[in-house]
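Summary of the model geometry
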Amino acid sequence: MKLALGTAQFGMPYGITNHAGQLSQSQGAEVLASAYAKGISVLDTAMAYGDAEARLGHTGVQHFQIVTKLSQIPLALPAEMADAGAWAKEQFAASLKRLGLSCVYGLLLHRPADVMGEHGKALLRAMQELQDEGLVKKLGISVYSPNELEPLLKLARWDLVQAPLNLIDRRLQTSGWLQRLKDSGLEVHTRTAFLQGLLLTHASALPPQFSEWIGLWRTWDQWQLDTGCSALEACLAYPQSFPEVDKVVVGVGGLDDFRKILIALHAPVPEHWPHIGSDDEKLINPSQWAVHLESRE
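Residues numbered from 1 in each chain as written. Predicted model: local features only at pLDDT ≥ 70, side-chain atom pairs only at ≥ 80, totals over all residues. Heavy atoms only, no water.

Quick notes on the overall build of the protein chain
- Assigned secondary structure in the protein chain consists of 13 helices and 8 strands.
- For the protein chain, whose C-alpha radius of gyration is 19 Å, the value lies close to the compact-globule estimate of 19 Å for 297 residues.
- C-alpha atoms of the protein chain, sized along the principal axes, occupy 60 × 45 × 40 Å.
- Each of the 297 residues in the protein chain was classed as buried or not, and the buried ones make up 52%. (Helix = DSSP H or I, 4+ residues; strand = E, 2+ residues; numbered from the N terminus. Rg over C-alpha atoms; globule rule 2.2 N^0.38 Å. Buried < 20%, exposed > 50% of the residue type's maximum accessible area, 1.4 Å probe, protein only.)

Points about the pattern of salt bridges
- Overall, the coordinates contain 12 salt bridges when judged by the stated rule.
- Aspartate 51 is the salt-bridge partner of arginine 55, the closest N and O atoms lying 3.2 Å from each other.
- Taking the relative accessible area as the measure of exposure, aspartate 51 reaches 32% and is therefore partly exposed.
- Here arginine 98 makes a salt bridge to glutamate 53, at a shortest N to O gap of 2.7 Å. With arginine 98 in helix α4 (residues 84-99) and glutamate 53 in helix α3 (residues 52-59), this pair connects stretches of sequence that are 45 residues apart.
- For arginine 98, a relative accessible area of 34% puts it in the partly exposed group.
- Relative accessible area serves as the criterion here: at 2%, glutamate 53 is assigned to the buried category.
- Here the salt bridges share partners, and the residues they tie into one network are Asp169, Arg171 and Glu281. (Salt bridge = Lys/Arg side-chain N within 4 Å of Asp/Glu carboxyl O.)

Points about the packing of aromatic side chains
- Under the definition given, this model contains 6 aromatic pairs.
- Here the aromatic rings of phenylalanine 210 and tryptophan 289 are separated by 5.2 Å at their centres, their planes lie at 85 degrees, and the arrangement is edge-to-face. Of the two residues, phenylalanine 210 sits in the loop between β7 (187-191) and α9 (214-227) while tryptophan 289 sits in helix α13 (residues 289-296), which places them 79 residues apart along the sequence. Across this residue pair, the class does not change: phenylalanine 210 and tryptophan 289 are buried. (Phe/Tyr/Trp six-rings, centres within 6.5 Å; stacked < 30°, edge-to-face > 60°.)

Examining unusual backbone geometry
- Within the chain, threonine 192 stands out as a residue other than glycine whose phi angle is a positive 55 degrees.
- The topology assignment puts threonine 192 in the loop between β7 and α9.
- A positive phi is found at glutamine 196, a non-glycine position, where the angle reads about 55 degrees.
- Within the secondary structure layout, glutamine 196 lies in the loop between β7 and α9.
- In this structure glutamine 196 comes out as buried when scored by relative accessible area, which is 18%.

With respect to the sheet that holds strand β3 (residues 65-70)
- If you walk around this closed barrel you meet the 8 strands as β1-β2-β3-β4-β5-β6-β7-β8, and the pairing is parallel. In this sheet, neighbouring strand axes are inclined to one another by 30 degrees on average, regardless of whether the strands run parallel or antiparallel.
- Alignment of strand β1 (residues 3-6) against strand β2 (residues 42-44), held across 2 bridges, turns out to be parallel. For glycine 6, the partnering residue across the bridge sits in β2 and is aspartate 44. (Pairing = 2+ DSSP bridges. Axes fitted to C-alpha atoms, helices over the stretch in contact; angles between N-to-C directions.)

This is the structure we're talking about:
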């Protein structure tokens, strides 16, 4: 199965359209049990996802392949740390302890720019040593934009890349990078299939800060009416339609959400996609949303 389960909501109230908040421990356990039963093998998490790793470890995730992400290097390293490599190894050891695991499938940099700075060499060396010791199978990077990839791929040999890909943000494919990554033998995981839930929202319910793109959402709503394809079905089908994509990471707000996703996976693939693609960073990059909102106030 191409689907991978994102776990940000296991550790914090993630998503701009999330009104239900963080999953409880029991809700998370229900989702994990159902995911395993349905053949999902990969869980995507991060050290920065609140207490997600601890909650996963409490439930038990030994039968999943875990991909986690190293947080951003602090501006000032602790005095007892020899370098960023020592800091990274300590962070990773703590992650394994929280998860209750002896190793993970993937370790990604949540902020890949860290390897371009003064701590880059020490950080890369530490990650490579973790892989050499068998603690990590695949090393990788999580990026916001394909524009980040060129210098990062020149700097080191990565095994896995995670990047956004959805009906609005199509840059990974339109830039040619999706094919380039696959041609280079890298595993590709995509995220933001629902753009944090915005793509599952009708134009009439769009948060006010996105009002300048209301035209896109009206086109999106009309396409759904014309084709009979639901937003959920199309959002899932689009990234999965690319053979170069290995895993599509999606988050859920509970067991009901997960069941709806499983049903939507079996819907027919649309003959054509809606014309709602955009390269506007203020819309497609969630890290820009707070900045954009502040600029409008």
